[in-house]
Amino acid sequence: MSEIIVEVKNLTKQYGRQMALDGVSFQIRRGSIVGLIGPNGAGKTTIMKIMGGLAFPTGGELEMYGVTDEKGLNHARTRMSFMIETPYEKEKMTARENLEKQRLQKGIPDKNRVDEVLKIVNLQNTGKKVVKNFSLGMRQRLGLANALMGKPEFMVLDEPINGLDPEGIVEIRELFRKLNKEENVTMMISSHILSELSLLCTDYIFINHGKIKGMLTADELRQACSEFFRINTDNNEKASAILLRHFGIERIETMEDGSLRIYDGLERMHEISKAFYENGIIPVELSRNEVNLEDYYMKMVRE
Amino acid sequence: MKNIMKSIWYEIYHRKTLVILFGAFAALMAITGFSGTADATYGFEQGGVSDMLAAHPWVPYEFPLLFLTIFVGYVCCEDYKDKVANYEILFGHSRKSIYFARSLMAIIVGTILSMLLGFLPLLVGNALAGWGDCLVYEDILLRYLLLGLPYLRLAAFLVMIAFLVKSPYLMIGIGIILSMMIGGLADMVRHSSSVFVSLFNMIALTEYEGWSSYNLDPTIGTIRYYAYDSTIPAGLVSGTIIASLFMTAFYLFMGYALFRRDELN
Amino acid sequence: MDKIFIIIEFALMILLFIIAKYSVKRPSNRWRLLYAAPVFVAIIVAICEGFDVYHAGIYFASALPLWSLFLEEKKVHAKQLIATCSALIIAANLVVICVAPNYHKVSYLKDFEQGFETMREHYVLTKEKEIDWDRLYAKYHPMFEAVEEKQDYVENYKAWQRFTTEFFDGHVGYEMDGEKKLLDAICRSYGNDYGLSLARMTSGEFVAINVEGYERSYSIEGAKEDELGLYSVKKKFLSQNASADRLTLKNAGITNGTVITKWNGKAIDAYFDEVDYYFDQYPVRENEAFYQPIYVAGIGSDMTYGETYVPGKDGKASPSVSISFLDENGMERTVQAPCLGSYAPRMLDTFGKLGDGLNVTNLNWQEVSTDTYAIRISEMSYDQETYGGTDYQELTEKLREEVLALKDIGVKTLIFDLRSNCGGSPYFVEAIAKLFAPKGEHASYYSAVINEKTASYERGADGKYQKGVVSTYEGEDLWHDGQIILLVNASTVSAGDDMVYMMGAYPNVQVAGFTRSNSSCQAVIGIMLDAGRLAFSAVPNLLPSGEVAIDTFVDHVGRTPFDELVPFDQEAVKVIFDQGEDYLLSYVMASK
């Protein structure tokens, strides 16, 4: 099991009467890509701001890289990078100048690093164009470049692919994958483009009204979102045995109500129902179901 | 802290806004020195720049005060306007180093630049008309050097305000109001313990005790004569030093106390 | 302002005490600004009112809550403790302020010392008036020490009036800061009102003038009628039965012109030595003698000059005065006149009735008869642009036009009403004088040579100031066939004196009045002191001989031309105080 680099325990954030975060707890392990999913005003940005040090929690504890005190957290942030809300940029400076300013601020000695990250995000040819004249996508790339400057171990990104064209989305996705696989960079990404998240994330956190609604791994989510058959008979035990012996279906879930759920052999449903009938099992219900990510998301956040 | 200062310097140098602004103020001060000296010396005929400094004591601080406010506003607020300053926290710099990096840079560099501006009219006037004998040169030099201390104190106060308002435009407005107020404040200074408020301290350092009289001339009318005593009382020196250092430290402390738990959006 | 400052700071501490707990329930980024609010209030007060060492506790208490910004949100008790400590410090500071004798002490002594030293160094008539500075310092320093000790602005006013009277110079004067304080000091410095003023007739007899109970006597019932602007102050000096007592003198048979024989059982001139300060300055001895009796009329029985009764203060009874007078049968009778309030308003009204000029504005003409026109010159200024300069050509041309027009319609006599002329520009005077001066060049004054380094005037070996530039003008003699009369009084001063001096020398000009002009014409400089302003003669005007012009010397003899001393007699009293008419103008008309 990989190391826990961020642990949030019962984090609370109150603005006046409003609870922006209400007892939020989760962990992030090294090497994971965590998708933070929730509607507008759910508390995603608040979590990121607290992690980044821009805001202070009202209650609870934040632990990053094993430290909880302010000095330690500041030091931990030097191993991280953040892109929260819209990227912060000097509009009257060029991309290169913006990055150079950040390079100096971070104390990165390598002057070539600016060119490297510009190339990574494909902004190396912007020349003297100032950021004021950039498109939304270009600004987003610049923000990502900024986030990559310090070769962080952990990146916290708030809607990083917002405004990118499809080509750009693919590029960035591949970049994230590469960073994660080759350099073991941990990421926490919030996005509304769930399909993109589903291609990238290893873990998911669903949040709404400041509360965690659910936490799943990618596998769990896949499971939750797959097609399946719901089988209910007068003798589910016998039915289960038939499925295993005759059709080799191993993955059979028995639900709380006693019904069965299978994810494999969905194309052989006719044979299955015939086999039931031949063995004296009367099927009460045989239905094909599907849960997609949006549905799952809507279900999670509405609870 | 060092890195933050470097990044601010980089922006100042590349954007050149402040460089141009300083140049504009320098030109303004030079013109003030030229015209003020010409006026005080009847077209460079009689007297010298000391006549101008005695007649217009506000010269070394009225415009530099505005520049100082703009400079502090730029250094402390500009990056908060577009939230670029948030990166300092996000990158792991402590609130202490962020605050003191910006504030010390604003205070020290702002004070030095303001003092340079304050000296310009003196240098220009001296080059054109000589010193004259209205005031003693060494006394004025000491007074103008001491002027750095109330600048320091005022800059520290402005830094505290800047971190609260986080708007360079508001700081410009404050600077304009201060420059406009300074004339009215000169009348209040008689009723104030002058060293404890930096504006009054500046007035006390640049106004000279003395006597003035006049004669009536049938052609010109009233001709005024001034005799100034430019020696600086020991109490004013010690008061300026103590009050400035103490209040600068206090404002820095207060500004940091307000900033350390400030939530940034 | 102090009270407001303390109340605000105290209220802020209470607020901080409350929000220490409330901010935990309702967290917000803005609460921290409240912890800085006391300091900001203290800074604003320090800028507006000045730093005050007696407020040190409040400054410290206002800074203490900043420590709360370093405490965690949950440390409610600690924050409340800090707010409580601050509030206690403020309360303690309030006690200190209340008991400290030197709190907000006005530096009356420092003002005197600064004023005195400046005058000693720069007063230009030291030699001419034989001013003994050491004697003056020895006399007045203890007086101002006592004023400083008591922190009494009324005594400060009196001390300055006494000091400035020593110079017999119409250009030496002190004005206290704060209009209300000044009016109050004036009302408390000239005694109480017993319903009349006193005057000395040319015959030597003392008479009652401006007597209460008659149509034109001074008696203000409401603020609307109070031309002197003293009503708001004088109100508090009124005793309970003031309105009922107002007819005492009338009922006793004292009218304007009644001969007064004794005041509190003493001859009136026996009080003159006691009267050691005046409202105005009288450099000329005869002028002083004319006005002295007026000041005596405020002295009550068993009271000294200037001592003023204020109802409700000191637990004293309302004073009175015994007035001995000659009734219509020539018998001496005595009446006990009660106090009607403060004497200062009646005194100033009396000065006004004696000294007011024509009822027209400056530089306006009034027809007196078919062959006589009068012009009022109340001050020597024309407009804002010309004042301070030398170019009054426009004035000269305007006046020339007017005078020639008057000549054309057969006017023979011009009267220049210079009564209570407060002065102004000498070039204004020249601009007028030149029209009437005999043809040829005339010199008015020489300026004195100034040491530019020290900005002061130095005397030569002969003890005289060194003559500088002379001001001259060319005479036009426009009125050589006619007569010019200058009406003056003791308040015709400064450039008013200049006009008397210049034009009084012309052959067809006569100067007339109850008194001579003031006789003060050196130029003035005023210096700001902490509690007021001191003005004195600081720029010499010299005659061709090198002597200072016009001002009296130690003999107090007037040196301006003066041709006709108008008798101040019963008729004058009746016309002025019963009929309310301009006696002086009527007299010169009758006698021309």
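Since we're looking at a predicted model, the values are computed, not measured.

Enquirer: Help me out: how do you make sense of the overall build of chain C in this one?
Expert: Secondary structure summary: chain C contains 18 helices and 19 strands in total. Across its three principal directions, the C-alpha atoms of chain C cover 100 × 65 × 50 Å. Counting only residues that meet the buried cut, chain C has 44% of its 592 residues in that class. Of the contacts made within chain C by residues no fewer than 6 positions apart, 76% connect residues no fewer than 24 positions apart.

Enquirer: What's the story with the sheet that holds strand β10 (residues 440-448) of chain C in this structure? I'm lost.
Expert: Two pairing modes exist for strands in a sheet, parallel and antiparallel, and in both the strands are linked by backbone hydrogen bonds. Residues and elements named next belong to chain C. Reading across the sheet, the three strands line up as β13-β10-β18 and stay open at both edges, with antiparallel pairing between neighbours. Each of the sheet's edge strands pairs with one partner strand only, and the pair in question is β13 (467-475) and β18 (541-542). Examined bridge by bridge, β10 and β18 share two bridges and lie antiparallel to one another. Bridging from a neighbouring strand, Ser447 pairs with Asn541 of β18. Across the sheet, helix α15 (residues 426-436) touches β10 and β13, and the angle it forms with β13 is around 30 degrees.

Enquirer: Which parts of the structure should I look at to understand the environment of C:Arg419?
Expert: All names here are of chain C. Relative to the helices and strands, Arg419 is located in the loop between β9 (413-417) and α15. Sequence spacing of Arg419 and Tyr457 is 38 residues, and the spatial spacing of their C-alpha atoms is 32 Å. If we skip the residues at most four places from it in the chain, Arg419 touches Gly355, Asp356, Gly357, Leu487, Val488, Asn489 and Thr492.

Enquirer: When you look at the interface of chain A and chain B in this model, what are you seeing that I'm missing?
Expert: One widely used convention gives an interface's size as the accessible area the parts lose upon coming together. Listed per partner, the contact involves 24 residues of chain A and 23 residues of chain B. Contributions of two or more residues to the side of chain A that touches chain B are made by α2 (70-77) and α3 (95-106) of chain A. A per-element tally of the side of chain A that touches chain B places α3(A) first, with seven residues. Tallied by class, residues from the side of chain A that touches chain B come to seven nonpolar, eight polar and nine charged.

Enquirer: I keep staring at the pairing of strand β2 (residues 18-29) of chain A and nothing clicks. Help me out?
Expert: On a regular strand, one side chain projects to one face of the sheet and the next to the other, so that they alternate. Residue and element names in this part refer to chain A. As defined by bridge partners, strand β1 (residues 4-15) adjoins β2 across nine bridges and the pair is classed as antiparallel. By the bridge assignment for β2, Glu7 is matched with Gln27. The hairpin formed by β1 and β2 contains two residues between the paired strands, and Gly16 there has a positive phi angle of roughly 65 degrees.

Enquirer: Can you help me understand helix α4 (residues 76-99) of chain C in this one?
Expert: Given 3.6 residues per turn, any residue in an α-helix points the same way as the ones three and four places further on. Between its terminal C-alpha atoms α4(C) stretches 35 Å, which fits the 34 Å expected from 24 residues at 1.5 Å a residue. Buried residues of α4(C): C:Lys79, C:Ile82, C:Ala83, C:Ser86, C:Ala87, C:Ile89, C:Ile90 and C:Asn93, and no others.

Enquirer: So what exactly am I meant to see when it comes to the interface of chain C and chain B here?
Expert: The partner chain B presents 26 residues to the 31 residues of chain C that form the contact. For the side of chain C that touches chain B, the elements supplying multiple residues, two or more each, are α2 (31-49), β13, β16 (523-528) and β17 (532-539) of chain C. In terms of residue count, the dominant contributor to the side of chain C that touches chain B is α2(C) (five residues). A per-class count over the side of chain C that touches chain B returns 17 nonpolar, eleven polar and three charged.

Enquirer: Before we go on, may I ask you to explain the packing of helix α4 (residues 62-81) of chain B against helix α8 (residues 148-165) of chain B in this structure?
Expert: A pair of packed helices can be characterised by two numbers: the angle between their axes and the separation between those axes. Residue and element names in this part refer to chain B. Packing of α4 against α8 brings their axes to within 9 Å, and their N-to-C directions diverge by 45 degrees. Accordingly, the angle class assigned to the pair α4 and α8 is oblique. The handedness of the crossing between α4 and α8 comes out as right-handed. Along its contact with α4, which presents Leu68, Thr69, Val72, Gly73, Cys76 and Cys77, the element α8 presents Tyr151, Leu154, Ala155, Leu158, Val159, Ala162 and Phe163. Per-class residue counts for the contact of α4 with α8 are eleven nonpolar, two polar and no charged.

Enquirer: Explain the confidence of the model for chain C here, please?
Expert: The predicted structure's coordinates, where accompanied by low pLDDT, should not be read in detail. Residues with a pLDDT of 70 or more make up 99% of chain C, whose mean pLDDT is 91. Scored as a complex, the prediction yields pTM 0.80 and ipTM 0.86.

Enquirer: Could you clarify how one ought to interpret the sheet that holds β2(A) in this entry?
Expert: Residue and element names in this part refer to chain A. Pairing is antiparallel in the open sheet, where three strands are placed in the order β2-β1-β4. Looking at which strands have only one partner, the edges of the open sheet turn out to be β2 and β4 (59-64). Neighbour-to-neighbour, the strand axes of the sheet open up by a mean angle of 15 degrees, direction not taken into account. Here helix α1 (residues 44-52) sits on the sheet in contact with β1, β2 and β4, set at roughly 65 degrees to β2.

Enquirer: Please clarify how unusual backbone geometry should be interpreted in this entry.
Expert: For residues besides glycine, phi is generally negative; the peptide bonds are generally trans as well. Although it is not a glycine, A:Asn122 sits at a positive phi angle of roughly 65 degrees. Within the secondary structure, A:Asn122 sits in the loop between α4 (113-120) and α5 (136-148). The phi angle at C:Ser420 is positive, at roughly 55 degrees, despite the residue not being glycine. The topology assignment puts C:Ser420 in the loop between β9 and α15. Residue class for C:Ser420 comes out buried when judged on the 21 C-beta atoms lying within 10 Å of it.

Enquirer: Just to check I follow, could you spell out the packing of helix α1 (residues 2-25) of chain C against helix α3 (residues 56-63) of chain C for this structure?
Expert: Residues and elements named next belong to chain C. Where α1 contacts α3, the two axes come as close as 11 Å, and the packing angle between them is 25 degrees. For the element pair α1 / α3, the angle class is roughly parallel. In terms of crossing hand, the pair formed by α1 and α3 is left-handed. Across the interface between the two elements, Phe5, Ile6 and Glu9 from α1 touch Ile58, Ala61 and Ser62 from α3. Looking at the contact of α1 with α3 residue by residue, the class counts come to four nonpolar, one polar and one charged.

Enquirer: How should I be thinking about the domain arrangement of chain C in this particular structure?
Expert: When its domains are assigned, chain C resolves into domain 1 (2-99), domain 2 (190-353) and domain 3 (364-439 + 476-519 + 558-591). Computed from C-alpha coordinates alone, the two centres of domain 1 of chain C and domain 2 of chain C are separated by 56 Å.

Enquirer: Just to check I follow, could you spell out the environment of C:Val41 for this structure?
Expert: Tracing the sequence through the fold places C:Val41 in helix α2. On a C-alpha basis, the gap between C:Val41 and C:Arg333 in space is 68 Å, while along the polypeptide they are 292 residues apart.

Enquirer: Can you walk me through the pairing of strand β5 (residues 320-326) of chain C in this structure?
Expert: Residue and element names in this part refer to chain C. For strand β4 (residues 260-263) and β5, the ladder comprises three bridges, and the chain directions are antiparallel. Residue pairing for β5: Lys262 is matched across the bridge by Ser324. In this structure, β5 lies alongside strand β6 (residues 332-338), joined through seven bridges in antiparallel fashion. Paired with Ser320 across the two strands is Pro338, which belongs to β6. Joining the antiparallel neighbours β5 and β6 is a turn of five residues, in which Gly330 adopts a positive phi near 80 degrees.

Enquirer: Got a minute to help me understand the nonpolar core in this structure?
Expert: One recurring pattern in soluble globular proteins: nonpolar side chains tend to sit buried together. By size, the foremost hydrophobic cluster in this structure holds 134 residues, and its most contacted members are C:Leu198, C:Leu486 and C:Leu487. For this core, the element with the highest residue contribution is α15(C), accounting for eight residues. Domain assignment of the residues forming this core places at least three in each of domain 2 (190-353) and domain 3 (364-439 + 476-519 + 558-591) of chain C. In contact with C:Leu486, not counting residues within four places along its chain, are C:Phe416, C:Leu418, C:Val500, C:Met503, C:Gly504, C:Val509 and C:Val511. Listed in part, the 85 residues of the second largest apolar core include B:Phe63, B:Leu68, B:Ala204 and C:Phe5.

Enquirer: Explain the environment of C:Ser520 here, please?
Expert: Topologically, C:Ser520 is positioned in the loop between β15 (509-513) and β16. Look past the residues within four positions of C:Ser520 in its chain and what remains in contact with it is C:Asp169, C:Gly170, C:His171, C:Pro283, C:Val493, C:Ser494, C:Asp497 and C:Asp551.

Thresholds, definitions, all that
- Residues numbered from 1 in each chain as written.
- Chains lettered and ligands numbered in written order.
- Predicted model: local features only at pLDDT ≥ 70, side-chain atom pairs only at ≥ 80, totals over all residues.
- Helix = DSSP H or I, 4+ residues; strand = E, 2+ residues; numbered from the N terminus.
- Buried ≥ 20, exposed ≤ 12 C-beta atoms within 10 Å, placed from the backbone.
- Contact = placed C-beta atoms within 7 Å.
- Pairing = 2+ DSSP bridges.
- Axes fitted to C-alpha atoms, helices over the stretch in contact; angles between N-to-C directions.
- Nonpolar A, V, L, I, M, F, W, Y, C, P; charged D, E, K, R; others polar.
- Expected span 1.5 Å × (residues − 1).
- Parallel < 35°, antiparallel > 145°, perpendicular 65-115°, else oblique.
- Left-handed = near helix turned anticlockwise from the far one by under 90°.
- pLDDT = per-residue confidence, 0-100.
- Domains from an automatic or database assignment.
- Core = buried A, V, L, I, M, F, W, Y, C linked by C-beta atoms within 7 Å.

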